[in-house]
2 protein chains.
Amino acid sequence: MVPDDDGAFAPTTEDAPSSSGFLDDGKNTIGSQLASRLREAIISGELQAGSKINLDKARKTFNVSLSPLREGLARLISDGLVEFEDNRGYRVSSISLANLEEITTLREEFEVFALRESMRLGDVEWEGNVMRALHRLNRTERDAARPETLERWEELHREFHLTLISGCGKPILLHFCRLLLNLNDRYRRVFLTRTSGDRNVSQEHSEIAQGAVARDLDYSCDMLRQHIHRTGTNLRTHLATKGIL
Amino acid sequence: MVPDDDGAFAPTTEDAPSSSGFLDDGKNTIGSQLASRLREAIISGELQAGSKINLDKARKTFNVSLSPLREGLARLISDGLVEFEDNRGYRVSSISLANLEEITTLREEFEVFALRESMRLGDVEWEGNVMRALHRLNRTERDAARPETLERWEELHREFHLTLISGCGKPILLHFCRLLLNLNDRYRRVFLTRTSGDRNVSQEHSEIAQGAVARDLDYSCDMLRQHIHRTGTNLRTHLATKGIL
DNA sequence: ACTATCCAAATAATCGATTATCTGTCAAGG
DNA sequence: CCTTGACAGATAATCGATTATTTGGATAGT
């Protein structure tokens, strides 16, 4: 489990992604739990993009009071998954081709930059974390028939990408990348139940990771950029197919 | 007045910075007003960096109830000015040399990228907005003796930088740049009551802006990068002088 | 028919009180 | 002397009720 973002940019404390995923994992307050549930509901598409969130209904659906509900929604605003307007309430952020294109472009720029910095600054522990994340990801099958495997894969995939750039020593940059990854995952979860056949994604991840620990800056960065770009193109096609502009 | 961020990334609607600054300007709910007041209190240094925010005291100080207080604080979390932990409450984000360095680095990367995109994509209206923002900024004096002129200048300065990159057509990128600018301004407000004598900042702004509307990509981007870099170096010196690591 | 105005239902925002959690202190036991 | 546990005060989280705002529809005037 990738630990939730600290809310702010965690300028001081910054660890490598969870070493083993403790069970307790924070999640103390109702607000926190709600944020997780809502996030999952949005990323999985259960809550339709662009739809309004009625506080009263949500309150009943989740069986909570207004305060924690607002608390939870506030966090999703930070994540860019929810929008808010005074006296008009909350709504799920819309998706669009333009939005997806921007996310892809920014991921290319930021993640590649962060990867380069990680290769420049990362220590041996970072290398180890990368190899572990890669291994765990590649050992996990994605079976469209079983949704829980999809979720698991998404989780490990996000963790892999975050670990890759976790050595950059730049908390704010990591925060931005995490946001973009979240936004991107929503598109994948909604539109891609299986990997398209013409790509060997595992292979791509391996190449990036091995280049990274070998400190082959240009190679690894280039691979990552192409990887992100291809994913974007792929998603865009699906999006267009399903008739969203 | 630079319009407040829309809370989310405003993926659909995105205008050029306020054309003339209407007075009403939203700010409907207590939560919104509070967010503004708190933001100003933090950026101006009135609320000390790193300090804990006691909800009860804050409630009394600002004469509001908990709900809007939390609402306001939640927005500052999105801005990266406040941090939060379950059951531990809120605290003002700390400042540090490392944090300032990261902000500077990221501004160089992101703003320069956004400027390049703006020059590539911006229309005539964008050009006009840039020239207007430049003019207004250069016509405003900064007088250390009168704090209100400092605030005014900061506002126009922020608006200039945002306008410069407003043509890039990338709402999320703009959102990130706005955050970084906010974070950066806090350092300036706290540590720099006047421009250091060895720089002609107006001149720098003019060069960037004129290069931009002339679509001289490399020149303008280079000038902007240097401008940001110099500001960072400058602030770092002041920070070090005042004994903060 | 078309627009403007007013009302009522729906919805969001706020409040004050209550409950849950944490933090520091002090005493008992090792 | 150090550790552990229990208590009390401080602080945060949550709730239910109240107040303010918006929205959609009905009505009156042009």
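The coordinates are above.
Procedures and definitions
Position numbers for residues start from 1 in each chain and track the written sequence from start to end. Chains and ligands are labelled by the order in which they are written, letters from A for the one and numbers from 1 for the other. Since the coordinates come from a predicted model, pLDDT governs what is reported: local features require at least 70, and pairs of side-chain atoms require 80 or more to be given and counted, while whole-chain, interface and lining totals use all residues. With hydrogens and water stripped out, all remaining heavy atoms of the structure feed into the side-chain values. Residue exposure (1.4 Å probe, protein chains only): buried if accessible area is under 20% of the type maximum, exposed if over 50%, otherwise partly exposed. In this text, helices come from DSSP runs of H or I with a minimum length of four residues, and strands from runs of E with a minimum of two, each type numbered from the N-terminal end. One requirement defines pairing of two strands: DSSP has to find at least two bridges between them. For the least-squares superposition of copies, only C-alpha atoms count, and only for residues with pLDDT at least 70 in both. Any two residues whose heavy atoms approach within 4.5 Å at even a single point are treated as in contact. Only heavy atoms are used to decide nearness, and a residue is near a molecule or strand if one of them lies within 4 Å of it. Counted as a polar contact is a pair of N or O atoms within 3.5 Å, where, for protein atoms, one must be capable of donating a hydrogen and the other of accepting one, and residues adjacent in sequence contribute only when both atoms are in side chains. All amino acids are sorted into three groups, where Ala, Val, Leu, Ile, Met, Phe, Trp, Tyr, Cys and Pro are nonpolar, Asp, Glu, Lys and Arg are charged, and the leftover types, Gly among them, are polar.

Caption draft 1: Layout of the pairing of strand S3 (residues 89-92) of chain B. All names here are of chain B. On S3, burial follows the alternation: Tyr90 and Val92 on one face are buried, whereas Gly89 and Arg91 on the facing-out side are not. Here 2 bridges tie strand S1 (residues 52-53) to S3, and the two strands are oriented antiparallel to one another. Bridge pairing in S3 links Ile53 to Tyr90. Summarising the sheet, strand S2 (residues 82-85) and S3 pair through 4 bridges and their orientation is antiparallel. In the sheet register, Glu83 faces S3, and the bridge partner there is Arg91. What sits between S2 and S3 in their antiparallel hairpin is a turn of 3 residues, with Asn87 showing a positive phi close to 65 degrees.

Caption draft 2: Region of the structure containing the relation of the copies chain A and chain B. When chain A is fitted to chain B, the residual RMSD is 0.0 Å, and the transformation amounts to a turn of 180 degrees plus an axial shift of 0.0 Å. Look at the turn and shift together and you get a two-fold axis relating the two. Scanning chain A for the C-alpha nearest the rotation axis identifies Ser78 of chain A, at a separation of 2.5 Å. Of the interface residues in chain A, 100% have counterparts in chain B that sit at the interface too, so the contact is made through matching surfaces.

Caption draft 3: Spatial organisation of the protein's contact with DNA strand C. Close contacts around DNA strand C come from 16 residues, with Lys52 and Arg70 of chain A together with Ile30, Ser67 and Arg88 of chain B the closest. Among the atoms of DNA strand C close to the protein, meaning within 4 Å, 85% are from sugar or phosphate groups. Between DNA strand C and Lys52 of chain A, the relevant distance is 2.8 Å, taken from a phosphate oxygen to a side-chain nitrogen or oxygen of the residue. Residue Gly31 of chain B places a main-chain N or O atom 3.4 Å away from a phosphate oxygen belonging to DNA strand C. Residue assignment for the surface near DNA strand C shows that the elements contributing at least two residues are strand S1 (52-53) of chain A together with helix H1 (30-43) and helix H3 (66-78) of chain B. Each residue belonging to the surface near DNA strand C can be placed in one class, and the counts come to 5 nonpolar, 7 polar and 4 charged.

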